[in-house]
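Read off the chains here:
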Amino acid sequence: MIDRVIDSRGLDSFDLRFIGLIAVILSVGVLSIYSVTHSQDTAFPFYLKQLVWILLGTAAFLVMYLSDYHKIARLAYPTYAVILILLAVVLVMGKSSRGAQRWIPIGPFAFQPSEFAKLVLVLVLANYYSRVPRVGWLQRVVLPGLIVLPGLLLILKQPDLGSGLSFLAVYAAMLLMVGVRSKALGIILLLSVMLFPFVWEMVWASLHDYQRQRVMAFVDPDYDPGGKGYHALQSKIAIGSGELSGKGLYGGTQSQLKFLPEGHTDFVFAVYAEEWGFVGVLVLLALFMALIWVSLEIAARAKDTLGALLAAGIVAMLCFCVVVNIGMTAGMFPIVGIPLPLVSYGGSATIMTMASLGLLLNVKRRRLSLFY
Amino acid sequence: MASAGFNDSDLLDLQRRLVILRVGLLLVVALLALRLWHLQIREGPYYRDLSENNRTRSVVLEPARGLIFDRNGVLLANNVPSFTLYVTLEDVKDSQALVAQLASLLNLDSDVIQKKLSIGKGSKLQPRKIKDRLTLREATLIESHRLDLPGVMIQVESQRNYPGGAVAAHLLGYVGEVSADQLEKAEFADLHQGSIVGQYGVEKTFDRQVRGRAGQKSVEVDALGHEKRAVVAERPVAGDDLYLTIDIRLQKISEDLLGEESGAIVALDPTTGDILAMASRPGFDPNVLSKELTNKQWVEIVQNEGRPLNNRAMQGQYPPGSTFKVVMAAAALESNTVAPSTTVRCNGGYQFGNRLFRDWKAGGHGSVDMNEALIHSCDVYFYTVGQRMGIDTIAEYAKQFGLGQETGIELPSERVGIVPSTAWKQKARNQPWYPGETISAAIGQGYVTVTPLQMASVIGTVANDGVAVRPRLVQAVMNRAAGERVEFPPTVRGKVAVKPATLALIKSALADVVTKGTATRAKSPLVTIAGKTGTAQTAALRTGPEKDIPKKLRDHAWFVAFAPVEAPRIAVAVLAEHMGHGGSAAAPLAKDVIEAYVKAYPQAVGGAPAGNRTKVPAPAVEARPRA
């Protein structure tokens, strides 16, 4: 709906609500990272590094915001090809951490291609669906599925279960957006149910031991609480013991005393929940919901299919990460290793998320630009 | 759905479907909020508890055991700092691996460690004591592996130490970890796995006083079990100090006198019952026994032929031999069996039926009265009076003097010996008493057995004019909390029903034993000594000179004595196993002990009237900081 009434403040596409929400959520992240790691005596502490990532992320945000998303979309296939190569490189020479190869070392830093792959996938699929004529389910489901597959396989091989699931989430969101016939949906569902045992066998076989044990630990929380269920249990204890108002900044004994592993990365939400309690949790959930809500608004007001698909894909991806990350720290899902967008420490994830949000705002800018 | 290709005309369609995303978003956020409400509000207190337990470990602070002093304040048992290793199971990720690691680092049997981990009540949060008295090297080794050993903690605790080593070991006893069986009992209810309790000697009998009360420390730990800070502390209360009646110098002298021989020496103050020395040989080093022993070490000690753990002074039961004649004399005179002037003709043997009971002196003593019979230890005289009195009269007096019963000394497992009587024999052997058996009993052979402590008490009672005072080993307890010293007064057990004249006669005769009788080797230039020798037969058939008999078949040598004769302040019983005649082997030892006492306490034997003697002022207590 291009003739939609524009924002009365509308002169400025640089949506201040949007920017403000991002800034506040980023601050929550830096504060929480500082709280967990402040006792560590390192020359270049994590919170400072995170500020650097935010700075780089801001640059990425501006680049994505200021360029034309149509041009960016046109670069989607070659970029995807590069990402696939990088994913392959990771497998060959990547840096290992906790049994998974996810990083390419660049000087003192490490670059995680699978994080960027998510955004590139959104671009690829949005580009595909906005160009390909809407015929049959082959073009709508199978072909894009074949595009997703190599990236998915390379990511699962690392293995990075979290990014793999994000891939599937983006794909599913796109399918939802372009509309899948109810009959087709039924067939897909039926096939999924029938194929599930075989796929599960394959996935199970491809999993590392620690991942299998995590799944086991999820199914049975008392399964070896000192071992593989340890993350899940300690995370639940951290969150639960925060109670209504939390233990206060630096007061989280779970995180301060290192009972909670990966407190500054994947489990940063548990740190926050322990320190700020249910009240703080509701505030953060509200912040995320507002950000996503505003993003959905942008998607809903996109001037073209490409913009709408891009926006929807990005929102779906963000939404998925937020829900799965919080869900896993709260013991609702198995632990799959997905960072909390804008909050968890991490260069690749922060830059990728901010670039995605820049692209999202770009979609809004393009819409408004018609009038100027 | 339209089948046309994607183009901007479908934008509306697309955008409409975003509603699904919106609804989905609201749903999942609501679900997340609900889940977090459940965790933080509904189950919050539960997780709060878990997080507290996660970070706090309750560490027991072992109390310092009370000190033990001798009568002059010389330190006999104290505490020294030492490293103790604990394991908190809660912090252990892989207990099998930990056990293996500790086993190799500490050179311990992994079964032992496993057992320690499983003993005792309490949760996985309760640290288990694995080993104490770690060497500095072991402690350093553990500390250097700190990061690989989550849940392992080294505490500095005080350990029992006996500065004198083996001296007075049987009296002091030793300590050890409370056993699993002991933990079940009510008296150990406030203890836990790894608590130290007295296992022998006064350490055991006075454990309640000496033990103290454990404190508690709440320690905040991190995920690796590393101590961050102590949160709450309940201070441990040190145990009370014990003051023993022994004089450690006299104790040492007594033990040295026995040397490598097996035997016992008991010296006591007959007026108060204070045990001045109580030696038993062979002995042991309580410092060794207070450590964790391997099974092999323990078996070696227990199966040692010399039975070093046996306190011969109160657990060794021996025939009293001729020392029993002291009791016999009192019995014979009091039961009017004989008068002091009654004489018996001794020509070297006593015929009973078709058996001849020999006197120790081949030619006999000729015609002897009570006085001479005691001085020269005439067997035939006592055969005769014993036969006239009958066993039950003998038993009655023996019991009056405290034989056949506990003296009541404050040590565990005192033995009582045997005072035979017709009733005893019927009960114990289900047989009648044969008159011939009385003849053996009359000279302290046959069924009669006594402990050296009992004999010291008997001779002490004679010295104390018939007043029997319970032997005691603990003079006072210093209650640290109340800051007061609680004295234990001497306890009079009773007065034997023996006329003063009879006792006077016996005492005078016993004085003559030393001056001109069988115990001239006990004669001292320093002090007047009265005593009675005894030779307890261990083998029925003995021929030829003593030195030709294998050592383990030789007789036990006895000597019981008191001094000074005029106002006795020390009574001594010496029993030297397989040393032959009391007069030659035991009497000199008693003399040495008495002389040492006289030198150490000249005032006590200075002839001040009984009952008005001033006590020896105790030297200042050795001031030592408590560990």
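All figures in this text were calculated on a predicted structure; none of them were measured in a lab. (Residues numbered from 1 in each chain as written. Chains lettered and ligands numbered in written order. Predicted model: local features only at pLDDT ≥ 70, side-chain atom pairs only at ≥ 80, totals over all residues. Heavy atoms only, no water.)

Another aspect to go through is the interface of chain A and chain B. Contact residues are listed per partner, giving 59 residues for chain A and 46 residues for chain B. Here chain A and chain B share an interface that buries about 4,800 Å² over both sides, 71% of which is from carbon and sulfur atoms. Taken together, chain A and chain B are joined by one salt bridge. Notably, a salt bridge pairs Glu-243 of chain A with Arg-48 of chain B, separated by 2.8 Å at the nearest N-O pair. Here chain A and chain B share six residue pairs in polar contact (both at pLDDT 80 or more) between them. (Contact = heavy atoms within 4.5 Å. Buried area = accessible area lost by both parts, 1.4 Å probe. Salt bridge = Lys/Arg side-chain N within 4 Å of Asp/Glu carboxyl O. Polar contact = N/O pair within 3.5 Å; in protein donor to acceptor, adjacent residues only side chain to side chain.)

Moving on, we come to the side chain of Lys-532 of chain B. Residues and elements named next belong to chain B. Mapped onto the secondary structure, Lys-532 falls in strand β21 (residues 530-536). At 3.5 Å, the side chain of Lys-532 forms a polar contact with the side chain of Thr-533. With near-sequence residues (within four places) excluded, Lys-532 lies in contact with Ser-322, Thr-323, Lys-325, Val-326, Leu-374, Ser-377, Leu-510, Val-513, Trp-558, Phe-559 and Val-560. (Helix = DSSP H or I, 4+ residues; strand = E, 2+ residues; numbered from the N terminus.)

Bringing a nonpolar patch on the surface into the picture now. Judged by side-chain polarity, Phe-44, Leu-48, Leu-51, Val-52 and Leu-56 of chain A come together as a nonpolar surface patch covering roughly 380 Å² of accessible area. Note that Leu-51 of chain A resides in helix α2 (residues 46-66). (Patch = residues over 30% accessible without salt bridge, like charges linked within 9 Å, V, L, I, M, F, W, Y side chains within 5 Å. Areas by Shrake-Rupley, 256 points an atom, 1.4 Å probe, with all protein chains shown as cover.)

Here the focus is the packing of aromatic side chains. Residues and elements named next belong to chain A. Taken as a whole and assessed by the stated rule, the structure comprises 19 aromatic pairs over all chains. Look at Phe-46 and Tyr-345: their rings are 4.9 Å apart centre to centre, the planes differ by 80°, and that puts the pair in the edge-to-face class. Taken together, the residues span a long stretch of sequence, with Phe-46 in helix α2 and Tyr-345 in the loop between α13 (305-329) and α14 (347-369) at a distance of 299 residues. Look at Phe-46 and you get partly exposed, because its relative accessible area is 21%. Plain terms: the ring middles of Tyr-128 and Tyr-129 are 5.3 Å apart, the flat faces sit at 80° to each other, and that makes the pair edge-to-face. (Phe/Tyr/Trp six-rings, centres within 6.5 Å; stacked < 30°, edge-to-face > 60°. Buried < 20%, exposed > 50% of the residue type's maximum accessible area, 1.4 Å probe, protein only.)

It is worth spelling out the pattern of salt bridges at this point. For the structure on display, the rule yields 26 salt bridges over all chains. For the salt bridge of Asp-15 of chain A with Arg-17 of chain A, the shortest nitrogen-to-oxygen distance reads 3.5 Å. For Arg-17 of chain A, a relative accessible area of 41% gives the class partly exposed. Note that Asp-379 of chain B is salt-bridged to Lys-325 of chain B, the shortest N-O span being 2.5 Å. Of the two residues, Asp-379 of chain B sits in helix α16 (residues 379-389) while Lys-325 of chain B sits in helix α14 (residues 325-334), which places them 54 residues apart along the sequence. Lys-325 of chain B carries the same exposure label as Asp-379 of chain B, and that label is buried. One network of salt bridges, in which partners are shared, links Arg-65, Arg-160, Asp-190, Glu-203, Asp-207 and Arg-211 of chain B.

We now examine the nonpolar core. By size, the foremost hydrophobic cluster in this structure holds 137 residues, and its most contacted members are Met-278, Met-370, Tyr-381 and Phe-382 of chain B. When sequence neighbours within four positions are dropped, the list of residues in contact with Phe-382 of chain B reads Lys-325, Met-328, Ala-329, Met-370, Ala-373, Leu-374, Ala-442 and Ile-443 of chain B. If you look at the next biggest cluster of nonpolar residues, it comprises 118 residues, including Ile-25, Leu-285, Ile-351 and Ala-355 of chain A. (Core = buried A, V, L, I, M, F, W, Y, C linked by side-chain atoms within 4.5 Å.)

What follows concerns the sheet that holds strand β22 (residues 556-563) of chain B. All names here are of chain B. The sheet built from five strands is open, its strands ordered β12-β11-β23-β22-β21 with antiparallel pairing. One side of each edge strand has no neighbouring strand; the edge strands of this open sheet are β12 (275-281) and β21. Each strand axis lies, on average, 5° off the axis of its neighbour in the sheet, ignoring direction. With seven bridges joining them, β22 and strand β23 (residues 570-576) adopt antiparallel strand pairing. Note that in β23 the partner of Phe-562 across the bridge is Ala-571. Where helix α22 (residues 582-600) meets the sheet, it contacts β11 (263-268), β12, β21, β22 and β23, and its direction lies at approximately 35° from that of β22. (Pairing = 2+ DSSP bridges. Axes fitted to C-alpha atoms, helices over the stretch in contact; angles between N-to-C directions.)

Further remarks concern the confidence of the model for chain B. Residues and elements named next belong to chain B. This prediction gives chain B a mean pLDDT of 87; 92% of its residues lie at or above 70. For chain B, per-element mean pLDDT is lowest for strand β9 (residues 227-234), which scores 72, and highest for helix α20 (residues 452-463), which scores 97. Predicted confidence for residues 1-5 stays below pLDDT 50, and this span has 13 contacts to residues more than four positions away or in other chains. When the criterion is pLDDT under 50, residues 607-627 qualifies, and its contacts beyond four places in sequence or with other chains add up to 36 contacts. Interface scoring of the predicted complex returns ipTM 0.85; its pTM is 0.68. (pLDDT = per-residue confidence, 0-100.)

Turning our eyes to something else, we now look at the packing of helix α6 (residues 137-157) of chain A against helix α7 (residues 161-178) of chain A. All names here are of chain A. Following both chains from N to C, one finds α6 and α7 inclined at 170°, their axes separated by 9 Å at the closest point. Compared by their axis directions, α6 and α7 come out roughly antiparallel. Across the interface between the two elements, Arg-140, Val-141, Pro-144, Gly-145, Val-148, Gly-151, Leu-152, Ile-155 and Leu-156 of α6 pack against Leu-161, Ser-163, Gly-164, Phe-167, Leu-168, Tyr-171, Leu-175 and Val-178 of α7. Class assignment for the residues of the contact of α6 with α7 results in twelve nonpolar, four polar and one charged. (Parallel < 35°, antiparallel > 145°, perpendicular 65-115°, else oblique. Nonpolar A, V, L, I, M, F, W, Y, C, P; charged D, E, K, R; others polar.)

Take unusual backbone geometry next. Residues and elements named next belong to chain B. In the segment running from Arg-281 into Pro-282, the intervening peptide bond is cis, with an omega of -5°. With respect to the helices, strands and loops of the structure, Pro-282 is situated in the loop between β12 and α11 (286-289). Pro-564 follows Ala-563 through a cis peptide bond whose omega is -15°. Structurally, the position occupied by Pro-564 is in the loop between β22 and β23. Positive phi, normally seen in glycine, also occurs at Ser-413, with a value near 65°. Here Ser-413 lies in the loop between α17 (391-400) and α18 (422-429). Despite not being glycine, His-578 shows a phi value in the positive range, around 55°. Take His-578: it is sitting in the loop between β23 and α22.

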